[in-house]
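Structure assessment
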Amino acid sequence: MMSKNTLFFDKENLKTPFIVDPLYKKTITYENIFNYAKNIGRKKFFDFQTNDTVLIITDNIYEIICHIIACWIKKITPAVLSPNLMIEEYESFFNDFNFTNIISKKKFINYRNFISSDLPIIDDKNLDTFSLEFKPTDIAIILFSSGTTGKQKGIPLSFKNIISNIESFSNKLKLSKNSVFLCTSPIYFAHGLYNSILTSFFLKRTTIYSGVLNIFNSIKLLNYISDTSKVIYHITPSMIPILCNSISRLKDDSKEYFEKVICGTSFLDQRSKSLFEKTFNTPIIQQYGMTEVLFISINDKPFEKPTSVGKPLDIVNLNISNDKMISKGEIGEVQIKSTSYYGDYYPVTNNINKSKFFTTGDLGYLDNDGYLYITGRKKDLIKKGGLSISAKKIDEVLINYKGIKNAFTVSKTDKDSGEEIYSFIEVTKEINFEDLKTFIAKKISRKFMPKKIIALNKIPRNEMNKFSLTEVLKLINE
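Conventions we followed
- Residues numbered from 1 in each chain as written.
- Predicted model: local features only at pLDDT ≥ 70, side-chain atom pairs only at ≥ 80, totals over all residues.
- Heavy atoms only, no water.
- Pairing = 2+ DSSP bridges.
- Helix = DSSP H or I, 4+ residues; strand = E, 2+ residues; numbered from the N terminus.
- Contact = heavy atoms within 4.5 Å.
- Axes fitted to C-alpha atoms, helices over the stretch in contact; angles between N-to-C directions.
- Core = buried A, V, L, I, M, F, W, Y, C linked by side-chain atoms within 4.5 Å.
- Buried < 20%, exposed > 50% of the residue type's maximum accessible area, 1.4 Å probe, protein only.
- Parallel < 35°, antiparallel > 145°, perpendicular 65-115°, else oblique.
- Left-handed = near helix turned anticlockwise from the far one by under 90°.
- Arc of directions from axis to C-beta.
- Nonpolar A, V, L, I, M, F, W, Y, C, P; charged D, E, K, R; others polar.
- pLDDT = per-residue confidence, 0-100.

Considerations on the sheet that holds strand β2 (residues 17-21)
Read from one edge to the other, the open sheet built from nine strands follows the order β3-β2-β12-β11-β13-β14-β15-β16-β17, with strand pairing classed as mixed. If you trace the sheet from one side to the other, it starts and ends with β3 (26-29) and β17 (311-312), each paired once. Both β2 and β3 contribute to a ladder of four bridges, which runs antiparallel. Bridge pairing links D21 to K26 in β3. Along the sheet face, helix α6 (residues 190-203) touches β2, β11 (180-183), β12 (207-209), β13 (231-235) and β16 (294-298) and points at about 160° away from the line of β11. Each of β14 (260-263) and β15 (284-290) touches helix α9 (residues 270-280); the most contacted strand, β15, lies at about 130° to it.

Some details on the nonpolar core
Core analysis: the biggest nonpolar cluster contains 82 residues, and F34, W72 and F201 have the highest contact counts within it. Looking at this core, the element that brings in the most residues is helix α3 (residues 61-73), giving 10 residues. Ignoring sequence-local partners within four residues, the contact set of F201 consists of L7, F9, F18, Y30, F34, I69, W72 and L132.

Concerning the sheet that holds strand β21 (residues 372-377)
Adjacent strands of a sheet form backbone hydrogen bonds with each other and so pair up, either parallel or antiparallel. The strand order across the open sheet built from four strands is β18-β19-β20-β21, with neighbouring strands paired in antiparallel fashion. Whereas interior strands pair on both sides, the edge strands pair on one side only; in this sheet they are β18 (316-321) and β21. When the angles between neighbouring strand axes are averaged without regard to direction, this sheet yields 45°. Judged from the five bridges that link them, strand β20 (residues 358-366) and β21 form a sheet pairing that is antiparallel.

Points about the packing of helix α8 (residues 239-247) against α9
Between α8 and α9, the least distance of the axes is 10 Å, while the angle of their chain directions is 30°. If you check the angle between α8 and α9, you find them roughly parallel. Between α8 and α9 the crossing geometry is left-handed. Counting all contacts with α8, which are made through I240, L243, C244 and I247, the residues of α9 involved are S272, L275, F276, T279 and F280.

Notes on α9
When we look at burial in α9, the residues that qualify are S272, K273, F276, E277 and F280. Along the long axis of α9, the arc covered by the buried residues comes to 130°, so they all point the same way. In this fold, the buried residues of α9 make contact with α7 (218-225), α8, β14 and β15. Within two residues after α9, N281 carries a phi angle of roughly 55°, on the positive side.

Quick word on the packing of helix α2 (residues 30-43) against α3
Two elements in contact, α2 and α3, have axes separated by 8 Å at closest approach and are oriented at 60°. For α2 against α3, the interelement crossing comes out right-handed. When α2 is examined against α3, the residues I33, F34, Y36, A37, K38, I40 and G41 are found in contact with a partner set consisting of I65, C66, H67, I69, A70 and I73. Classifying every residue of the contact of α2 with α3 gives 10 nonpolar, two polar and one charged.

Some details on the confidence of the model for the protein chain
Per-residue pLDDT for the protein chain averages 88, and the proportion of residues at 70 or more is 94%. Mean pLDDT per element in the protein chain: strand β22 (residues 381-384) is the minimum at 78, and β12 is the maximum at 97.

A short note on the environment of C263
Note that C263 resides in strand β14. C263 sits in the buried class, given a relative accessible area of 1%. Sequence separation between C263 and D435 is 172 residues; the distance between their C-alpha atoms is 33 Å. Non-local contacts of C263, meaning those with residues more than four positions away in its chain, are made with I235, T236, P237, L268, I284, I285, Q286 and Q287.

See below:
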């Protein structure tokens, strides 16, 4: 179905709800979406050229998806950026990338071709069929990721990258024909836009969306999906406390809420994993992926191998490298070759080497059954006195101490010792630091004892709700 160069929607597909918002009781079908997209093409893109690149800056789900599809219809490349950057960040970003046009509501943006992201009035006429034609090698979308550097990187993904990945991932999960997607992540990041909305689009399914998950919408969403079978939900670890707290306030907690729950954006500690699984009677399926390569692996044995991120998908060739031959169980850097990898960053250089492995920067190992375990980031390795340790290892020790909810360990260059270790902890009660240091010393070498452990009510996080390296380094310097 999806391997051809045309994505075809018949009359039944067109009547299928694409986005359902239970909080505001709003439903938009595929037919609605395509009518909006065609109107955008006529009213906004009439003088655009094939292969132009359009940057979309909005947090409105309908504006994002309608403008993306309008770009596809007109053979224009869409790019999606967060609407929550500072003015200075946008100015720096525009200097780095040369976009033909920008679509947004942000009035301060002074760009040569600025177009309002407001949707045009929809046509009332009904469609009998709709087909989207594309070349598999054409860039379908450009997403942006700051990675570990804090500097935005443009990541192109072709139709072939996306479609091959969705096919492989959905086959691995054995998704049913009645599966629907629940999205509670920001829709301008890959976790929301790709994992749920674009996946739903190419599978011709429905996405439930009522904004980013919070304590105000969580109960209403859980109530709604308790009557909706076959819900596929991509979560982040930070969503677990909200969900578990919300279900405790529902009158009936015996219902089944999810068909599949998938987690893979950041480290998932076993305590949170167990809490969710016990509360919802549903296993968390850990997966591994990156914006550059999309889904890489998925764990089909969540109870037998609870800390693994699973086996690579059938389209993925995964290699563990350490500048030498590596045996099973030995840690090295994870490298990927896959049909879901475009092979370049934006602006593309046209020197794409499809035969090369993508170096992820993650450290891990494969067990005897071929299941992948991530042990940390290569840049997270802290070296002292000729020895090294992963910051993630120190975090794991800290969160096993009673009263510590979260931990984030970083290193800072020191002229005497090479690198010094600083750990930030979120606490639920007052901590005896002498007792904590004794606890740490029993788990790891004293050489790697943090120089300073800083207790906070909340560790600074970025827009994707990941711990912010930039902000914690500021705290060290204060």
